[in-house]
Amino acid sequence: MASTTIPKKDGSGSTASNAAPVPAGGASGSTISPSGQDVHPFARGSVIEVYHYNNKDAQEDWWSEPDSDIDESTSERTVRLCDIIDRAQTDGVWRYYVHYRDFNRRMDEWVSLDRIVSPPSVGNAKARALKKEEERQKRQQQRKQEEEKLLDAPRSRRRVPAKTAASGVTDAVAGDVAGPAAAETTATRRTRLRRKTSTMAPSTEDDATVAASNESKEVASGASDEKGERSNNKLSYQNKKEEVVLSADAITHVVGEHVVATVQAQELDEHEGLDEASLREHEEVTKVKNVAFLELGPFQMETWYFSPLPKELLGPGGFIDVLYCCEFTFRLFSRKSELRRHQERLPVSKRHPPGNEIYRCGNLSMFEVDGLEEKIYSQNLCYIAKLFLDHKTLYFDVDPFLFYVLCEVDDRGFHPVGYYSKEKYSDVGYNLACILTFPAHQRKGYGRFLIAFSYELSKKEEKVGSPEKPMSDLGQQAYKPYWASTILDFFLNQSEESTLSIMDISKRTSIMAEDIVFTLNQLGLLKIINDVYFIAAEKSLLELLAKKYPIKEPRVDPSKLHWTPFLTDMKQRDKFSIHSKKPSVEAEKPPVTAAT
């Protein structure tokens, strides 16, 4: 990614007096549109095409000095459509803050004129053409889904859409009035529909499968009508039997006398719980990054998002090129000289996070920091985390949280590489509120280590836990492999039982039952046989999946953990304790089994 110096922001929305026509981009000189939209400065909200550089060597040393240029020899250059979010002028030269379409907001950046390929007249036209094509494909997909639903429905429950029914009545009347020609047209349409139906259902075996599936759905829907609406794929315990309402997208087939259904995996939404108005307000406030780089220890990292830092740390235009942070105290500075003076006065005995060291294994150490006792440290940690997290609202109210800071240890002190936070008492069973591995230390397994550590604390508390929802995209990328590898390792190496329930797995791993069901769906191991959940997997399949989702280093060694649960004054019974969970289903019939 380009390392550019953020220019001084243009406060006025008017066109500058020294505006000049674009030959947009140094490579392709474009003509000026009659409307003047291709004259600098381009309007905010316009669409342009720019060169985007993807550094091939970004895996190891993607952080760089602010004044370094893009090395085109080690970069892949592509042309991308992007929206102009903001603009600024430095020494008479315009720069634009752009958002790449179909890219995450963390990729937003300032671009100079030599990277512009097409001006707004071309970019806006391409954007409109793409929008029309997307709308056409969406309408086509909706029509296809409506036809499939109509064909899959049982004959007794099929309903012709209102538009089709109306047209049928019109055609019938036209046949009576206008004579045989209109009647022949109606017959031709019906013949086409029958022919299309026969091509989509070529075999009687498929018809039998659909009928069996629909019959089971009718039984399930009859039960739901008596007891009201129930959410899809949830258990209703009655007479020690798990009744399941199959979702519309469940894949069913018949095996002997049984109807077997595979529940399709549901994707997590990082914007869950945010309405459109809140999402627009959030994006409007945080649309432009106010810090270009963060210097933490020996690393200088390019930031991803806006952070509501104190105004004293920012420049007159609300921007700062480099924000300096002391890795031992998390004090923030706007100048390198201030940071050096602060660290010169810092005793060697203070070169570690405040709080208690609760874990030490090799060169890794974990500190527990109470937000109530270390407010400045905790607030600054949240400010820094917001530079790399999109949706994070905790900045000042840090009292009810505990922060667990992971450090690498050497002879110079304790160097933070990541952290996670959790509530001292959670009403919904969350054992992790926010998690971050600093970009300079990513791809080292520290994110998985932090997740595993949070579950080790839950085991110490004798509780089940889950991360706070909704999760970010990076959070999902970390949690999905961890859940998969932990559950598969439990099946293969930690469990000798042939009969297990989801609650048994939850008690042994401290993973909440909902997350286990989600993971089993992702792995394709959870099936429904005659409205009962079954974990169906042969040992060979489990071993194959275990190779795809292995347990990676570094691992948490529970023997190195010296910690006791945080005491609260909550007197009510904790519903997330493993002692309050239902017993195993070994005595229930039929059991939920894991085939080996």
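Draft legend 1. The sheet that holds strand β12 (residues 320-325), seen in detail. Reading across from one edge, β11-β10-β12-β13 is the order of the four strands in this open sheet, with mixed pairing throughout. The open sheet is flanked by β11 (299-302) and β13 (332-333), the only strands paired with a single partner. When β12 meets β13, the two strands line up antiparallel, connected through two bridges. Bridge assignment links tyrosine 324 to a residue of β13, and that residue is phenylalanine 333.

Draft legend 2. Broad picture of helix α2 (residues 120-152). Compared with an ideal rise of 1.5 Å per residue, which puts 33 residues at 48 Å, α2 spans 47 Å between its outermost C-alpha atoms and is within 8% of the ideal. Taken as a whole, α2 has its buried residues at Pro120, Gly123, Asn124 and Ala127.

Draft legend 3. How the structure looks around the packing of aromatic side chains. In total, this model carries 17 aromatic pairs according to the counting rule given. Seen in terms of ring centroids, phenylalanine 330 and tyrosine 377 are 5.0 Å apart; in terms of plane orientation they differ by 85 degrees. Their pairing is edge-to-face. Here tyrosine 377 lies in helix α8 (residues 375-386) and phenylalanine 330 lies in the loop between β12 and β13, a separation of 47 residues in the sequence. According to the relative accessible area criterion, tyrosine 377 is buried, its value standing at 5%. Note on tyrosine 404 and tyrosine 420: the rings are 5.0 Å apart at their centroids and 15 degrees apart in plane angle, and the pair reads as stacked. Of this pair, tyrosine 404 sits in strand β16 (residues 401-410) while tyrosine 420 sits in strand β17 (residues 413-423); the two residues are 16 residues apart in sequence, bridging distant segments of the chain. Each member of the pair, tyrosine 404 as well as tyrosine 420, is classed as buried. An aromatic cluster of at least three residues, connected via ring pairs, comprises Tyr359, Tyr404, Tyr420, Phe449 and Phe453. A cation sits over an aromatic face here: arginine 77 above tyrosine 51, 3.9 Å from the ring centre. The aromatic ring of tryptophan 304 is capped on one face by arginine 106, whose charged end is 4.9 Å from the ring centroid.

Draft legend 4. Highlighting the pairing of β16. Burial runs high along β16: eight of the 10 residues are buried. Note that strand β15 (residues 364-370) and β16 share seven bridges and pair antiparallel. Bridging from a neighbouring strand, serine 365 pairs with cysteine 407 of β16. In this sheet, β17 lies alongside β16 in antiparallel orientation, the contact comprising 10 bridges. Residue phenylalanine 401 lies in a different strand from β17, and its bridge partner there is glutamate 423. Hairpin connection between β16 and β17: a loop of two residues separates the two successive antiparallel strands.

Draft legend 5. Representation of the packing of helix α10 (residues 473-494) against helix α12 (residues 513-523) within the structure. The interhelical angle for the contact between α10 and α12, taken along N-to-C directions, is 90 degrees, at an axis separation of 10 Å. Of the possible angle classes, the one that applies to α10 and α12 is roughly perpendicular. Here Lys480, Trp483, Ala484, Ile487, Leu488 and Phe491 of α10 come into contact with α12, specifically with Asp515, Ile516, Phe518, Thr519, Leu520 and Leu523.

Draft legend 6. Just the confidence of the model for the chain, in detail. Across the chain, the average pLDDT comes to 74, with 62% of residues at or above 70. Ranking the helices and strands of the chain by mean pLDDT puts β15 first, with 97, and strand β6 (residues 236-238) last, with 34. Every residue in residues 584-596 scores below 50 in pLDDT, and together they form 32 contacts with partners more than four places removed in sequence or on other chains.

About the cut-offs
For every chain, the first residue of its written sequence is number 1, and the numbers climb from 1 along that sequence. Thresholds applied to this predicted model are a pLDDT of at least 70 for local features of residues and 80 or more for the giving and counting of side-chain atom pairs; totals over whole chains, interfaces and linings are not thresholded and use all residues. Side-chain numbers here rest on the full set of heavy atoms in the structure, without hydrogens or water. Pairing between strands requires that DSSP locate at least two bridges from one strand to the other. For helices the rule is a DSSP run of H or I covering at least 4 residues; for strands it is a run of E covering at least 2, with both sets numbered from the N terminus onward. Helix span, expected: 1.5 Å multiplied by one less than the number of residues in the helix. Buried, partly exposed and exposed residues are distinguished by accessible area as a fraction of the type maximum, computed with a 1.4 Å probe on protein chains only: under 20%, between the cut-offs, and over 50%, respectively. We call Phe, Tyr and Trp rings a pair once their centres come within 6.5 Å, taking the six-membered ring for Trp, and we label the pair stacked below 30 degrees between planes, edge-to-face above 60, and tilted otherwise. In this scheme, Lys NZ or Arg CZ marks a charge over a ring once it lies within 6 Å of the ring centre and within 35 degrees of the ring normal. Lines fitted to the C-alpha atoms define the axes, with helices restricted to the stretch that makes contact. Angles between their N-to-C directions range from 0 to 180 degrees. We call two directions roughly parallel when the angle between them is under 35 degrees, roughly antiparallel when it is over 145, roughly perpendicular when it lies between 65 and 115, and oblique otherwise. For this analysis, residues touch if any pair of their heavy atoms sits within 4.5 Å. pLDDT is a residue-level measure of predictor confidence that goes from 0 to 100.

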